[in-house]
Amino acid sequence: GHSRNLPKMYNNHQFRYNTPNSIFPDERIGWLAFTLPPCHLVRSLFLRPKEPLMADRKIRVLVAKPGLDGHDRGAKVVARALRDAGFEVIYTGIRQTPAMIAEAALQEDVDVVGLSILSGAHMTLCPKVVDLLRGQGQDDVTVLVGGIIPDEDVAPLQAAGVQGVFGPGTSTQDIIQFIRDAVR
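Predicted, not measured: the structure shown is a model, and the values here were computed from it.

(A) Looking closely at the nonpolar core. By size, the foremost hydrophobic cluster in this structure holds 22 residues, and its most contacted members are Leu62, Val113, Leu115, Leu133 and Val145. Listing elements by their share of this core, those giving two or more residues are strand 1 (60-64), helix 4 (98-108), strand 3 (112-117), helix 5 (122-135) and strand 4 (142-147). Of all the elements, helix 5 adds the most residues to this core, at five residues. Excluding anything up to four places from it in sequence, Leu133 contacts Ala102, Ala105, Val113, Gln138, Val141 and Val143. Within the second largest apolar cluster, 15 residues are counted, among which are Val112, Ile176, Ile179 and Val183.

Structure below.
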């Protein structure tokens, strides 16, 4: 019943931004009366700036399975270990594209993106995720990859912007400690 009255009640209301350093030049701006800049600029204007990590703010980690690999037991084990270690964990599920992962990282305002890849496509998928994150202004996000990664691929992945590479049998404690050291 009340929703029908909203247009009448709010039709003539002017939205005012009376702060001395308003980001809008015109104080009488209503809904959608301005065009939005690229999303990473919107993020810097409207979202809280990333405050230094203190004891009261949990490290936010996005765990993602890019590509067509359908096996996610390892990713779930790592996600649970990170959660148990006090991190806030967002798990995207399987078969994510690099664009979906980068968008989720932006929406969730994460500190770390952890990719789990067993399919052998890490040399394609990891650099693409890093490029998309950097392209939307998330230069401060730490990117990790875990899975079946041959030794000869570690250096090229790190050169492409992947900070941590973890192979089969890596202790979850090692991953937890790496994240704490990288983010704090």
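(B) Inspection of the packing of helix 5 against helix 6 (residues 151-159) at higher detail. Contact geometry for helix 5 and helix 6: axes closest at 10 Å, N-to-C directions at 20°. The angle between the axes of helix 5 and helix 6 places the two elements in the roughly parallel class. In this structure, the crossing between helix 5 and helix 6 has a hand that is right-handed. In contact with His122, Met123, Cys126 and Pro127 of helix 5, helix 6 contributes Asp153, Pro156 and Leu157.

(C) Local environment of the packing of aromatic side chains. Summed over all chains, the structure comprises one aromatic pair. For the ring pair Phe166 and Phe178, a centre distance of 5.4 Å and an interplane angle of 85° mean the geometry is edge-to-face. You can see Phe166 sitting in strand 5 (residues 164-166) and its partner Phe178 sitting in helix 7 (residues 172-183), a full twelve residues away along the chain. In this structure Phe166 comes out as buried when scored by relative accessible area, which is 12%. The exposure class assigned to Phe178 is partly exposed, which follows from its relative accessible area of 26%.

(D) Expanded view of the sheet that holds strand 4. The five strands lie next to each other as 2-1-3-4-5, forming an open sheet whose pairing is parallel. The strands lining the two open edges of the sheet, one partner per strand, are strand 2 (88-91) and strand 5. The sheet shows a mean angle of 20° between the axes of neighbouring strands, taken without regard to direction. In terms of strand pairing, strand 1 meets strand 3 through four bridges, oriented parallel. Residue Leu62 lies in a different strand from strand 3, and its bridge partner there is Val113. Helix-sheet contacts for helix 7 involve strand 1, strand 3, strand 4 and strand 5, and the interaxial angle to strand 4 is about 165°.

(E) Quick look at the pattern of salt bridges. Scanning the model with the defined rule gives six salt bridges in all. Residue Asp69 is joined to Lys65 by a salt bridge in which the shortest nitrogen-to-oxygen separation is 2.7 Å. With relative accessibility at 11%, the residue Asp69 sits in the buried group. Residues Asp84 and Arg83 are paired through a salt bridge, measuring 3.2 Å at the closest nitrogen-oxygen approach. The class for Arg83 is partly exposed, based on a relative accessible area of 49%.

Basis of the calculations
Residues numbered from 1 in each chain as written. Predicted model: local features only at pLDDT ≥ 70, side-chain atom pairs only at ≥ 80, totals over all residues. Heavy atoms only, no water. Core = buried A, V, L, I, M, F, W, Y, C linked by side-chain atoms within 4.5 Å. Buried < 20%, exposed > 50% of the residue type's maximum accessible area, 1.4 Å probe, protein only. Helix = DSSP H or I, 4+ residues; strand = E, 2+ residues; numbered from the N terminus. Contact = heavy atoms within 4.5 Å. Axes fitted to C-alpha atoms, helices over the stretch in contact; angles between N-to-C directions. Parallel < 35°, antiparallel > 145°, perpendicular 65-115°, else oblique. Left-handed = near helix turned anticlockwise from the far one by under 90°. Phe/Tyr/Trp six-rings, centres within 6.5 Å; stacked < 30°, edge-to-face > 60°. Pairing = 2+ DSSP bridges. Salt bridge = Lys/Arg side-chain N within 4 Å of Asp/Glu carboxyl O.

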